[in-house]
Amino acid sequence: LKTDCTSVSSLRFHGRDLSKMTPTALCWGGISAALLGGIWYRRRKLEKKLSPHAQGRVEELWRRMSRKESPMVVTRQDAKAFFGDGFGKLSVDAMFSQIDVDHHEEMQKSEWDNFWVHIKEVGYSDASIVEEVNNILNGGAWIDWHDGRHPAHPKKAVSSQSHFKVPE
């Protein structure tokens, strides 16, 4: 299929022989499918957004870790200052291994936001996210979110205190 929808070779989609469709019908059918797919994707993405309360708590955690001079980035040093001495290094390592997907030793705000959407997509409720973020804001450790991403030091990472089980 060319992009101008003028020629069709032997194409099959869900068992239908698309080569028997006229190029115009095929083109408009493709456009309709693309539009409907886009609507479905946007709707699905909206359903996975955090509630305003959960988003506010996540933003508060980001604000407390980020420096005022570069609010779109959190470095390992920024995070270590937030988590403190003692087991702070374990929390920093676990957090960065789950969020810093490009491994540049700093978290971008976009990585942070994408992480929380991912956490919502794997099945955590807004209430569970708020509970865990509040624990972290009150001096708790970063947890293993059981989201398919493996934190550094998995044997030492704190498990989710909300007793959340990932749906199988």
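Cut-off values and rules
Residues numbered from 1 in each chain as written. Predicted model: local features only at pLDDT ≥ 70, side-chain atom pairs only at ≥ 80, totals over all residues. Heavy atoms only, no water. Helix = DSSP H or I, 4+ residues; strand = E, 2+ residues; numbered from the N terminus. Contact = heavy atoms within 4.5 Å. Areas by Shrake-Rupley, 256 points an atom, 1.4 Å probe, with all protein chains shown as cover. Core = buried A, V, L, I, M, F, W, Y, C linked by side-chain atoms within 4.5 Å. Buried < 20%, exposed > 50% of the residue type's maximum accessible area, 1.4 Å probe, protein only. Salt bridge = Lys/Arg side-chain N within 4 Å of Asp/Glu carboxyl O. Axes fitted to C-alpha atoms, helices over the stretch in contact; angles between N-to-C directions. Parallel < 35°, antiparallel > 145°, perpendicular 65-115°, else oblique. Left-handed = near helix turned anticlockwise from the far one by under 90°. Nonpolar A, V, L, I, M, F, W, Y, C, P; charged D, E, K, R; others polar.

Provide a residue-level description of the overall build of the chain, including the pertinent values.
Along the chain, the regular secondary structure elements total six helices and six strands. Expressed as a percentage of contacts within the chain between residues at least 6 apart in sequence, the contacts between residues at least 24 apart total 55%. With an accessible surface of roughly 10,600 Å², the chain has 57% of that area assigned to carbon and sulfur atoms.

Give a detailed account of the side chain of histidine 118, specifying residues and quantitative values.
The topology assignment puts histidine 118 in helix H5 (residues 109-121). Not counting the four nearest positions on each side in its chain, histidine 118 is found in contact with Asp147 and Arg149.

Give a description of the nonpolar core that names residues and reports values.
The nonpolar side chains of a soluble globular protein tend to be buried, and buried together. Counting 29 residues, the largest nonpolar core has Met65, Met95, Met107, Trp112, Trp116 and Trp142 as the members making the most contacts within it. Looking at this core, the elements with two or more residues in it are helix H2 (52-65), helix H3 (76-83), helix H4 (88-99), H5 and helix H6 (126-137).

Just give me the short version of the pattern of salt bridges, but keep the residues and values in it.
Here the structure, examined in full by the defined rule, presents 10 salt bridges. Lysine 109 is the partner of aspartate 113 in a salt bridge, and the nearest nitrogen-oxygen pair spans 2.7 Å. Placement of both aspartate 113 and lysine 109 in helix H5 is noted, with a separation of four residues, approximately one turn of the helix. Taking relative accessible area as the criterion, aspartate 113 reaches 28% and is therefore assigned partly exposed. On the basis of relative accessibility, which here comes to 12%, the residue lysine 109 falls in the buried class. Between lysine 120 and aspartate 126 there is a salt bridge, and its shortest N-O distance comes to 2.8 Å. Taken as a pair, lysine 120 and aspartate 126 share a single burial class, namely buried. A cluster of three or more residues bridged by salt bridges with shared partners is formed by Arg76, Lys89, Asp93 and Glu105.

I'd like a rundown of the packing of H2 against H6, residues and numbers included.
Close contact between H2 and H6 brings their axes to 9 Å; oriented N to C, the two are set at 25°. In terms of orientation, H2 lies roughly parallel with respect to H6. The way H2 lies across H6 gives a crossing that is left-handed. Of H6, the residues touching H2 (which contributes His53, Ala54, Arg57, Val58, Glu60, Leu61 and Arg64) are Asp126, Ile129, Val130, Val133, Asn134, Ile136 and Leu137. Of the residues contributing to the contact of H2 with H6, the split by class is eight nonpolar, two polar and four charged.

Report on unusual backbone geometry, specifying residues and quantitative values.
At glutamate 105, a residue that is not glycine, the phi angle is positive and equals roughly 65°. You will see that histidine 146, though not glycine, has its phi angle at about 50°, which is positive. Take histidine 146: its relative accessible area is 32%, and that puts it in the partly exposed class.

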